[in-house]
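# Analysis of the macromolecular model
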Amino acid sequence: MMFKTTILAAAMVAFSALTVQAHVGLSYPCARYHPAAGCPAPPPGQSIDYDINAPISTSDTINAPLCKHTVPYTKRTVFKAGQTIQTKYSVGAAHGGGHCQWALSYDNGKTWVVLKTMIRECLRGAQGSYSVPVQIPANAPSGKATFMWLWNNAIGNRELYSNCADIEIQGKNGGQLKGLAPLIANHGKGSPVIGEFPLASQPDGSELFAKRKSVTITVAAK
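Residues numbered from 1 in each chain as written. Predicted model: local features only at pLDDT ≥ 70, side-chain atom pairs only at ≥ 80, totals over all residues. Heavy atoms only, no water.

So, about the state of the cysteines. By the definition in use, this model includes three disulfides. Here Cys67 pairs with Cys164 through a disulfide, and the sulfurs are 1.9 Å apart. Its torsion about the S-S bond being -65°, the disulfide of Cys67 and Cys164 is classed as left-handed. Linking Cys67 in the loop between strand S2 (57-58) and strand S3 (77-80) with Cys164 in strand S9 (residues 159-170), this pair joins segments that are 97 residues apart in sequence. Taking relative accessible area as the criterion, Cys164 reaches 0% and is therefore assigned buried. When the cysteines engaged in disulfides are numbered in sequence order, the protein pairs them as 1-2, 3-6, 4-5. (Disulfide = S-S within 2.5 Å. Helix = DSSP H or I, 4+ residues; strand = E, 2+ residues; numbered from the N terminus. Buried < 20%, exposed > 50% of the residue type's maximum accessible area, 1.4 Å probe, protein only.)

This part takes up the pairing of strand S4 (residues 84-91). Judged from the four bridges that link them, strand S1 (residues 24-28) and S4 form a sheet pairing that is antiparallel. Bridging across to S4, Leu26 finds its partner in Tyr89. Where S4 meets strand S7 (residues 128-135), eight bridges bridge the pair, whose relative direction is antiparallel. When the bridges of S7 are listed, Tyr89 appears paired with Tyr130. (Pairing = 2+ DSSP bridges.)

Nonpolar side chains tend toward joint burial in soluble globular proteins. If you look at the biggest cluster of nonpolar residues, it comprises 35 residues, and the most contacted ones within it are Trp102, Leu104, Tyr106, Leu123, Tyr130, Trp149 and Ile167. Put simply, the parts of the chain that give this core at least two residues each are S1, S4, strand S5 (98-105), strand S6 (113-118), S7, strand S8 (143-153), S9 and strand S11 (214-219). Here Leu123 is in contact with Val24, Val91, Ala94, Gly97, Cys100, Tyr130, Trp149 and Trp151, once residues within four sequence places are set aside. With nine residues, the next largest nonpolar core counts Ile56, Ala64, Trp112 and Met148 among its residues. (Core = buried A, V, L, I, M, F, W, Y, C linked by side-chain atoms within 4.5 Å. Contact = heavy atoms within 4.5 Å.)

With respect to topology, three strands assemble into an open sheet ordered S1-S4-S7, the strand pairing being antiparallel. Both outer strands of the open sheet, S1 and S7, are each paired with one neighbouring strand and no more. Averaged over all pairs of adjacent strands, the angle between strand axes in this sheet comes to 30°, irrespective of strand direction. (Axes fitted to C-alpha atoms, helices over the stretch in contact; angles between N-to-C directions.)

With that settled, the discussion passes to the confidence of the model for the protein. Per-chain confidence: the protein averages 91 in pLDDT, with 90% of residues scoring 70 or above. Note that pLDDT drops below 50 for residues 1-21; the model gives that stretch 14 contacts with residues more than four away or on any other chain. (pLDDT = per-residue confidence, 0-100.)

For the rest of this paragraph, the subject is the packing of aromatic side chains. One pass over the structure, following the stated rule, counts six aromatic pairs. Pairing Tyr33 with Tyr73 gives two aromatic rings, centres 6.1 Å apart and planes at 70°, and the pair type is edge-to-face. Taken together, the residues span a long stretch of sequence, with Tyr33 in the loop between S1 and S2 and Tyr73 in the loop between S2 and S3 at a distance of 40 residues. The buried category is assigned to Tyr33, whose relative accessible area is 1%. Pairing Tyr89 with Trp149 gives two aromatic rings, centres 5.2 Å apart and planes at 50°, and the pair type is tilted. Here Tyr89 is found in strand S4, whereas its partner Trp149 is found in strand S8, with 60 residues between them in sequence. Joined through ring pairs, the aromatic side chains of Tyr89, Tyr130, Trp149, Trp151 and Tyr161 make up one cluster. (Phe/Tyr/Trp six-rings, centres within 6.5 Å; stacked < 30°, edge-to-face > 60°.)

What follows is the structure, encoded as structure tokens:
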């Protein structure tokens with residue numbers, strides 16, 4: 001009986017490793033409920049996500065909301081305004097790369113402002129691990145914030161990937177961040193659709209990014 005239990009436990013560990021390595025997921029800062037060692041424990045009532053790298057939607061179906069999980073960590077990684085975050089990703093299948101956006105929210109995902117955008121080249125050729133520097137604006141106000149990563153893949157099903165990290169920013173006391181709202185494409189029926197673009201000569205939906213709306217985030221002084 002003990003032998004069978006040991007075999008089952010080993011199989012579960014192997015299965016967990018395989019699911020984490022499928023597709024792509026944000027590993028630093030720790031995405032919500034990431035199974036990696038060193039990441040915080042999920043908040044009460046939530047569970048570790050062993051399928052953290054899975055997409056949240058296709059152009060037809062929504063499987064999860066933006067961020068994939070909506071309840072924030074109780075423990076946050078602290079960054080200073082103006083600091084560059086060397087974001088990291090676990091890569092199982094990069095699907096030819098694609099478009100990535102990184103955005104910041106101070107109201108738990110109600111309002112977002114884009115920090116950085118990569119068109120076409122994000123994750124192209126990535127294997128195993130991948131890293132992208134993303135700077136927190138120098139004028140970012142202090143406070144608890146949500147750091148979001150979005151990815152629309154170039155090849156395969158028309159998917160959207162999204163992970164979020166809960167961070168705290170040390171900056172000025174109150175203020176505003178102005179920029180663009182993120183493009184939320186391939187997120188269920190009615191959302192903008194970005195088709196496959198394996199070749200440089202093919203349309204890649206980049207014109208949709210030019211239509212992103214301006215947004216202003218206001219954080220009250222304390």
